[in-house]
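Survey of secondary and tertiary structure
Given next are the chains, with one letter for each unit.
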Amino acid sequence: MNLAELTVHEAGDLLRRREISAVELTEAVLARIHEREPTIRAYITVTAEEARQQAAAIDARLSAGEDLPPLAGIPIALKDNLCTRGIRTTCASRILADFRPPYDATVVERLRAAGAVILGKTNMDEFAMGSSTEFSAFHPTANPWDPTRVPGGSSGGSAAAVAAGEALAALGSDTGGSIRLPASFCGVVGLKPTYGRVSRYGLVAFGSSLDQIGPLTRDVTDAALVLSVIAGHDPNDSTSLPWPVPDYRRALTGEIADLRVGVPIEYFGEGIDPLVAEAVRRAIRRIGDLGAAVDEVSLPNTPYALPAYYVVAPAEASANLARYDGVKYGLRVEGADIWETFDRTREVGFGPEVKRRIMIGTYTLSAGYYEAYYLKAQKVRTLIKQDFDRAFERFDVLAVPTAPTVAFPIGARVEDPVAMYLTDVFTVTVNVAGLPGLVVPCALVHGLPVGLQLLGPPGSEETLLRVGYAFEQSGDWKAVRLP
Ligand code: GLN
């Protein structure tokens, strides 16, 4: 048994039974990182020494007879847009290449308090803008299923690390699909929680009305375990919801016969690889076989979600990224005066995709264009939300594909922004509406993984995890994961 290949709950059981030590587990994962990183390049920073010390501290507590919570001693990776005190947090950008935050993000604080072992920081598209992890200022990440292909993005480093055994679980962030798309492309489970379910304090902001942090894991049980730790109200994030946090694992009953599952027709139309569509339809039939009532539904405004997203997200990004000017922190390139210093810092510090977003966002927010673009996009957002509200009067859950294709070859879409943006056509909808979405691997197509995406109303994470778990357990789920 290679310890690096365990799920969080399997490893946790072995740790608490003292059959393995936290140091052994961490060493196994560090050895896997050492072995696989030359090809995969999932990490920007590996904090091996700190991880060893944290693991040793957990072993000491276990030896003292302490009863430790589920994530204690579990090696976990963090996307590099989550602030870690004293540890480089780059957002895969030159402008933050040497940034060491003075504080931990709330999710990091919660993981540490739960005894998780932090392995390091994973690669991503610069400032989370992208769908392939090719827009990292440092290096691309390879898909562990086929290193000539992308892992998806922007949390591609986190998904690839989990798929390759370079972490037992990871955190990512999802503004328009950045957890769910890489989960689908890498054959792991990814959960984008309801907007507000998880505190964004210490997440470097991209689109503040869209961003959420969530887990990438090997199975649904692990996603439930991680969500239980990171969810909850945080006074430091005024948009975090004051709802109590359930023990999400208790939702995993295996029973779904009481549920109604809707299949939105707009997600199976033009542009989707017919084999991907067929694989997802097969998965939905299996959910029907488990007793859920399955029926079709229409969400007529779906085609407007992607254009609305690509107005709102750049607008918010252009405002959020105004703070990188070389004055308080980050890269500074001196000019003749302060204005030239701003210009040079930003010219050198940002990559081309980030510059494109700042320009689009500044344009759509400027006087005379605001009403035509930003305001209109916000109205479209309401229409999308109303489509979902109507659907959730009839259905508990909607089942859809995650992306129109399997993982594409490295380089295939970097020159064509619209082709890259179209990758997100099935994922941006839930961010635009603030809903949760869960991706569970469901099939191999062209030898590559495909994820089934389950969507629910705000706060329905327990229902989504329940359906995801029942689906996962009803088949040979290990066949659609890398060993
Ligand atoms: N691919 C989308 C974008 O580029 C979503 C990114 C994300 O979810 N962070 O904006």
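Described below are features of the structure shown in this document. (Residues numbered from 1 in each chain as written. Predicted model: local features only at pLDDT ≥ 70, side-chain atom pairs only at ≥ 80, totals over all residues. Heavy atoms only, no water.)

Attention now goes to the site of the ligand. Taken together, 15 residues surround the ligand, and among them Gly176, Ser178, Tyr309, Arg357 and Asp424 come closest. Separating a nitrogen atom of the ligand from a side-chain N or O atom of Ser131 is a distance of 2.9 Å. Contacts to the ligand include Ser154, whose side-chain N or O atom sits 3.5 Å from a nitrogen atom. Residue classes in the shell around the ligand are distributed as five nonpolar, seven polar and three charged. (Near = heavy atom within 4 Å. Polar contact = N/O pair within 3.5 Å; in protein donor to acceptor, adjacent residues only side chain to side chain. Nonpolar A, V, L, I, M, F, W, Y, C, P; charged D, E, K, R; others polar.)

This part takes up the sheet that holds strand E8 (residues 293–297). Taken in spatial order, the 11 strands of this open sheet run E1-E3-E2-E4-E6-E5-E10-E11-E9-E7-E8, and their pairing is mixed. Two strands lie at the open edges of the sheet, namely strand E1 (43–46) and E8, each paired on one side alone. Taken pair by pair, the neighbouring strands of this sheet meet at an average axis angle of 30 degrees, ignoring direction. Summarising the sheet, strand E10 (residues 437–445) and strand E11 (residues 448–455) pair through eight bridges and their orientation is antiparallel. Bridge pairing in E11 places Leu438 opposite Leu454. (Pairing = 2+ DSSP bridges. Helix = DSSP H or I, 4+ residues; strand = E, 2+ residues; numbered from the N terminus. Axes fitted to C-alpha atoms, helices over the stretch in contact; angles between N-to-C directions.)

Note that Thr429 resides in helix H14 (residues 428–433). Judged by its relative accessible area of 1%, Thr429 is buried. Among all residues touching Thr429, those that are not within four sequence positions of it are Tyr267, Thr302, Ala305, Ile384 and Phe388. (Buried < 20%, exposed > 50% of the residue type's maximum accessible area, 1.4 Å probe, protein only. Contact = heavy atoms within 4.5 Å.)

This paragraph deals with a nonpolar patch on the surface. On the surface, a cluster of nonpolar side chains totalling about 320 Å² of accessible area is made up of Val327, Ile338 and Trp339. Looking at the secondary structure, you find Trp339 in helix H10 (residues 338–349). Exposure remark for Trp339: the relative accessible area of 60% places this residue in the exposed category. (Patch = residues over 30% accessible without salt bridge, like charges linked within 9 Å, V, L, I, M, F, W, Y side chains within 5 Å. Areas by Shrake-Rupley, 256 points an atom, 1.4 Å probe, with all protein chains shown as cover. Salt bridge = Lys/Arg side-chain N within 4 Å of Asp/Glu carboxyl O.)

Applying the stated criterion across every chain yields a total of 22 salt bridges. The closest approach of N and O atoms between Asp104 and Arg112, which form a salt bridge, is 3.0 Å. Residue classification places Arg112 among the partly exposed residues on the basis of a relative accessible area of 30%. Between Glu278 and Arg285 there is a salt bridge, and its shortest N-O distance comes to 3.1 Å. One continuous salt-bridge network, built from bridges that share partners, spans Glu27, Glu49 and Arg52.

Scope: geometric values only; no functional claims are made or implied.
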